[in-house]
Amino acid sequence: MAKSVEKVLEGADVSLSVLKALAENSFDSILITDATKDSKIIYANKAFKKLTGFSPDEVLGKTPRILQGPATDNAVIARLSTALKTGGRFEGKAINYKKDGTPFIMYWRVVPAKVGKNTKVWLAIQREGTTI
Ligand SMILES: Cc1cc2nc3c(=O)[nH]c(=O)nc-3n(C[C@H](O)[C@H](O)[C@H](O)COP(=O)(O)O)c2cc1C
């Protein structure tokens, strides 16, 4: 967060609640996973439910792989997999599936949140795309 924002907020507790409010109210879907091998979901916002039909409660502890299906492009997922292994960033689009099975174009970005060199969690920003 920019220095001036931190200065105005004068404390970590407040800045965390600001970030929470941003995530809760974002028009884009936001997912946070842990940094284990399976990338288990530890947070999903309301826009995730609007996009996928899955409520935040029902995806907690699961992997975002639940969004994948037969038409999901394996090459895109392999690229994401490499980013996860190397602590890098990913941006791409692929066919994903809503809770009711409807396919849609997922356009998303995944970035690590690191403390020092260690990735603590992964953050994803997701929206529906129009062209693959
Ligand atoms: C934060 C985060 C968000 C993810 N979001 C999606 C997603 O929206 N759609 C998708 O197809 N895969 C998503 N994935 C990828 C899968 O969880 C998984 O990492 C990917 O399939 C590679 O693992 P695999 O090769 O074992 O399947 C996400 C991963 C992370 C870490």
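Each chain carries its own residue numbering, running from 1 in the written order of its sequence. Since the coordinates come from a predicted model, pLDDT governs what is reported: local features require at least 70, and pairs of side-chain atoms require 80 or more to be given and counted, while whole-chain, interface and lining totals use all residues. Side-chain descriptors were evaluated using all non-hydrogen atoms of the structure, hydrogens and water having been removed beforehand.

Peer 1: How would you summarise the pattern of salt bridges if you had to cite specific residues and measurements?
Peer 2: Should a side-chain nitrogen of Lys or Arg be within 4 Å of a carboxyl oxygen of Asp or Glu, the pair is scored as a salt bridge. Evaluated as defined, the whole model comprises six salt bridges. As a salt-bridge pair, Glu24 and Lys46 come within 3.6 Å of each other at their nearest N and O atoms. Remark: Lys46 occurs in helix H3 (residues 46–52) and Glu24 occurs in helix H2 (residues 12–25); sequence separation between them is 22 residues. Given the relative accessible area of 32%, Glu24 is considered partly exposed. What counts as a helix is a DSSP run of H or I of at least four residues, what counts as a strand is a run of E of at least two, and both are numbered from the N terminus. When accessible area is computed with a 1.4 Å probe and restricted to protein chains, residues below 20% of their type maximum are described as buried, those above 50% as exposed, and intermediate ones as partly exposed.

Peer 1: Lay out the site of the ligand with the relevant residues and their values.
Peer 2: The environment of the ligand is formed by 18 residues, the closest being Arg65, Gln68, Asn96, Trp108 and Gln126. At 2.7 Å, a side-chain N or O of Asn96 approaches a nitrogen atom of the ligand. Elements that contribute at least two residues to the shell around the ligand include exactly helix H5 (74–86), strand E4 (103–115) and strand E5 (118–128). When at least one non-hydrogen atom of a residue lies within 4 Å of a molecule or strand, that residue is treated as near it. Throughout this description, a polar contact denotes any pair of N or O atoms lying within 3.5 Å of each other; where both atoms belong to protein, one of them has to be capable of donating a hydrogen while the other can accept it, and for residues adjacent in sequence the pair is counted only when both atoms sit in side chains.

Peer 1: I'd like a rundown of the pairing of strand E1 (residues 29–34), residues and numbers included.
Peer 2: For E1, the tally of buried residues reaches five of six residues, placing the bulk of the element in the interior. Any two strands between which DSSP finds at least two bridges are classified as paired. Where E1 and E5 come together, six bridges link them in antiparallel fashion. By the bridge assignment for E5, Ile32 is matched with Leu123. Sheet topology note: the E1/strand E2 (residues 41–44) ladder contains three bridges and is antiparallel. Across the sheet, the residue bridging to Thr33 is Ile41, located in E2. Counting the residues that bridge the hairpin from E1 to E2 gives six residues, and of these Ser39 lies at a positive phi of roughly 45°.

Interpretation in functional terms is not warranted from these geometric data alone.
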